[in-house]
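# A structural walkthrough
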Amino acid sequence: MRDKYDASSIEVIESLEAVRKRPGMYIGDTGTRGLHHLLKEIIDNSIDEHLAGFATVISVELISGNVISVEDNGRGIPVDIHSKTNRPAVETIFTTLHAGGKFGGVNSSYKISGGLHGVGSSVVNALSSSVKVIVWKNKFEYHIDFSHGGKKITPLKKIGPTLKTGTKVTFKTDKEIFKSVTFNSQTIKDLLKELSYLNPGLKLFFNDVKNEEKYEFFQPQGLRAFVDDLTKEQTKISKTYAFTAESSEMQIKIAFIWTTTNQENIHSFVNNIITPDGGSHEKSFKFGLTKAMNEYAVENKLQQNGKALEGADTREGLFAVISLYLMEKYLQFEGQTKSKLSSNEAKAFGDKIIYEQIKHYLNKNPQDAKKIIEKAYSSKRAKEAARRAREVSRELSSAKNKSFAGKLVTAQSRKAEERELFIVEGDSAGGSAKLGRDRKTQAILPLKGKIVNTERATLKTILGNDELSMAIHAIGGGLGEDFNIKKANYGKVIIMTDADTDGAHIQALLLTFFYRFMKPLVDAGMVYIALPPLFKVKNTKTKKSVYAWSISELDHIKEKQSSYEIQRYKGLGEMNYQQLWETTMNPNTRTLIQVSGTNDESANKIIITLMGQDAAVRREWIEENVEFSLDDNVQDNLIGEEHV
Ligand code: 28F
């Protein structure tokens with residue numbers, strides 16, 4: 001029997017020789033990736049034994065740079081004589097190339113398919129300079145060793161009695177095949193960690209002998225823990241959702257959560273192998289999510305502007321892990337790297353099941369659902385605004401500059417950083433500002449007409465709006481993504497309006513515009529709101545005047561004086577130019593509010609509230625808050641006016 005070269009053994013040698021001739025066909029490449037693929041093949045066999053319901057522990061030991069072992073406590077590879085080859089099953093498994101054994105499809109089996117594990121072992125054998133297999137089975141320990149790419153076969157030996165069961169494979173990667181034969185500890189740790197999330201209930205150990213380090217990977221919470229770990233550093237806006245759904249032919253596990261970030265983050269796997277380019281299972285998830293969220297939005301009156309959400313909107317801030325187990329007969333991949341699943345069966349299964357599950361979660365968790373849908377709409381609006389900004393910006397660079405002569409009064413200074421642009425509500429206030437200003441540093445742009453709401457306006461309206469066009473040209477840094485802060489003509493842009501609700505509305509419109517179209521300006525803290533006083537208190541004896549910005553301040557002044565006249569300012573126009581300079585424009589005496597761009601979330605929310613379609617809500621909001629980033633004192637000032 002020993003070393004008898006019959007037809008089947010020649011075939012064996014030839015087929016393993018084929019693997020050595022074209023290793024790329026079987027393991028992708030002969031670099032580090034391919035090298036670690038060998039390890040993955042062996043571990044996958046242990047995982048299959050786990051999925052079959054047997055192995056609960058897998059131990060990996062990195063013995064030296066290129067010698068590594070994997071052990072499981074499954075049933076042990078069968079050792080009985082295989083009828084076709086007339087050799088022990090374990091020997092056949094390590095020396096016979098699996099039919100159609102191609103990269104990506106080699107070791108794929110879902111537990112229900114059964115009996116397919118072990119298929120990658122022969123590839124590992126072919127590309128190793130030595131392989132030692134130990135099997136504990138039927139109360140005995142068995143050894144079988146291979147070397148030089150599976151060529152030299154020593155027969156299976158029954159070593160002695162044991163009570164344990166399982167399989168241990170130790171292999172040494174071949175220097176003739178691989179560019180570098182040494183394993184990377186971190187890559188192994190990452191792999192084992194990932195596998196522990198995908199296989200809750202499986203314990204994975206790693207003994208890094210060289211570095212004298214030991215690790216244990218065990219994630220009984222599975223994908224839920226995966227998603228929670230991925231989002232450790234994120235601010236969450238929903239709970240973590242996780243479910244498993246199964247048919248007789250496949251199983252899908254999904255966990256997901258929404259965070260405040262604006263990226264989407266989806267990891268998908270098929271039979272424990274990552275699918276970097278997604279495919280059928282990811283498509284099903286995206287389809288189900290979009291459908292469920294749109295339906296829920298309509299059913300619960302959460303739709304905004306009567307518009308449906310696009311897929312990408314629903315996934316902003318989403319972290320998801322999808323793990324599909326599929327029978328080998330349904331495994332089909334797309335593309336050169338086989339990194340994208342293309343299985344009609346998986347798509348059909350997923351489309352139905354995933355949608356139902358997500359819809360169920362939304363219905364069960366209305367508070368989360370509301371937040372998620374609002375976030376999706378905010379993403380939709382931001383995208384639309386960005387698109388409009390790009391269009392406006394393109395249009396702007398091609399269009400001839402309109403003439404705004406006579407409207408903008410420029411400042412004399414040659415240093416942009418010391419120049420200030422006052423955007424002033426109304427022509428009469430604009431006139432006073434022109435007279436009162438510091439000509440060297442202060443430029444005045446009076447706003448006469450209406451400003452369009454840039455949150456809803458079309459490109460045509462934005463461009464056709466003289467007020468905004470003038471502001472864009474005056475500032476001079478461009479718009480949207482092309483906005484260049486270095487080209488800005490001013491170090492400060494100051495919005496100066498009346499201290500009433502109309503003034504607040506103009507502020508909100510301008511701030512929305514700056515936030516959406518010149519965000520770097522806001523982020524750099526270059527946008528300000530001027531605060532005119534609310535009262536003038538004139539001492540009738542001394543004829544001296546003082547100003548008050550709030551009612552409490554007014555009371556304070558009144559206490560100190562015996563005869564006085566109070567003038568309440570309703571608008572900037574009620575001040576003469578000297579008063580305007582003294583109270584609102586003079587850098588030494590004025591009060592400015594710096595608009596902060598640091599909190600995008602809240603800025604976004606304010607914009608939504610203000611610029612959404614509901615005029616009543618908007619007015620109410622303005623009346624309550626008056627404008628962005630006010631501290632209490634300032635609110636007091638502005639709201640105070642309403643109560644006098
Ligand atoms: C360290 C690597 O390869 N573990 C494995 C098993 C268990 C069975 C098996 C493997 C039988 C007919 C193929 C045992 N008892 N670890 C491993 N554990 N392969 S590989 O069977 C292989 C099939 O052809 C096993 C009953 N059924 C299956």
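Treat the numbers as computed from the prediction; the structure is a model and nothing was measured.

## Considerations on helix α6 (residues 185-198)
Here α6 is 14 residues long and its end C-alpha atoms lie 20 Å apart, about the 20 Å a rise of 1.5 Å per residue gives. Inspection of α6 places Ser185, Ile188, Lys189, Leu191, Leu192, Leu195, Ser196, Tyr197 and Leu198 among the buried residues, and these make up the whole buried set. Its side-chain oxygen at 2.8 Å from the backbone nitrogen of Gln186, Asn184 defines the N-terminal cap of α6.

## Observations concerning the nonpolar core
Core analysis: the biggest nonpolar cluster contains 58 residues, and Ile475, Met496, Leu510, Phe514, Met518 and Leu521 have the highest contact counts within it. Considering each element in turn, this core owes the most residues, seven residues, to helix α15 (residues 501-517). If we skip the residues at most four places from it in the chain, Leu521 touches Ile475, Phe483, Ile485, Ala488, Val493, Phe514, Met526 and Val527. In this structure, Ile27, Leu38, Tyr142 and Leu202 belong to the second largest nonpolar core, which totals 57 residues.

## Quick notes on the pairing of strand β18 (residues 442-447)
Across the six residues that make up β18, a large majority, six, are buried. Burial along β18 is two-sided: Gln442, Ile444 and Pro446 facing one way and Ala443, Leu445 and Leu447 facing the other are all buried. Bridge analysis of strand β17 (residues 420-425) against β18 gives six bridges, and the strand direction is parallel. Looking across to β18, one finds that Leu421 is bridged to Ala443. Each parallel crossover has a hand, and the one from β17 via helix α12 (residues 427-436) to β18 is right-handed.

## So, the site of the ligand
Near the ligand, the surroundings consist of 16 residues, among which Ser46, Val70, Asp72, Arg75 and Gly76 are the closest. Note that a nitrogen atom of the ligand is positioned 3.1 Å from one of the side-chain N or O atoms of Ser46. In the environment of the ligand, a nitrogen atom lies 3.3 Å from a nitrogen or oxygen atom belonging to the side chain of Lys137. Protein burial of the ligand: of its 590 Å² of free accessible surface, 81% is covered by the chains. If you list the elements that add at least two residues to the shell around the ligand, you get α3 (32-51), β2 (67-72) and β7 (166-173). Examining the composition of the shell around the ligand, we find that four residues originate from one element, α3, more than from any other. Taken together, the residues of the shell around the ligand sort by class into six nonpolar, six polar and four charged.

Reading guide: rules and limits
Residues numbered from 1 in each chain as written. Predicted model: local features only at pLDDT ≥ 70, side-chain atom pairs only at ≥ 80, totals over all residues. Heavy atoms only, no water. Helix = DSSP H or I, 4+ residues; strand = E, 2+ residues; numbered from the N terminus. Expected span 1.5 Å × (residues − 1). Buried < 20%, exposed > 50% of the residue type's maximum accessible area, 1.4 Å probe, protein only. Polar contact = N/O pair within 3.5 Å; in protein donor to acceptor, adjacent residues only side chain to side chain. Core = buried A, V, L, I, M, F, W, Y, C linked by side-chain atoms within 4.5 Å. Contact = heavy atoms within 4.5 Å. Pairing = 2+ DSSP bridges. Right-handed = clockwise from strand over helix to strand, strands pointing away. Near = heavy atom within 4 Å. Areas by Shrake-Rupley, 256 points an atom, 1.4 Å probe, with all protein chains shown as cover. Nonpolar A, V, L, I, M, F, W, Y, C, P; charged D, E, K, R; others polar.

Read these as geometric descriptors, not functional statements.
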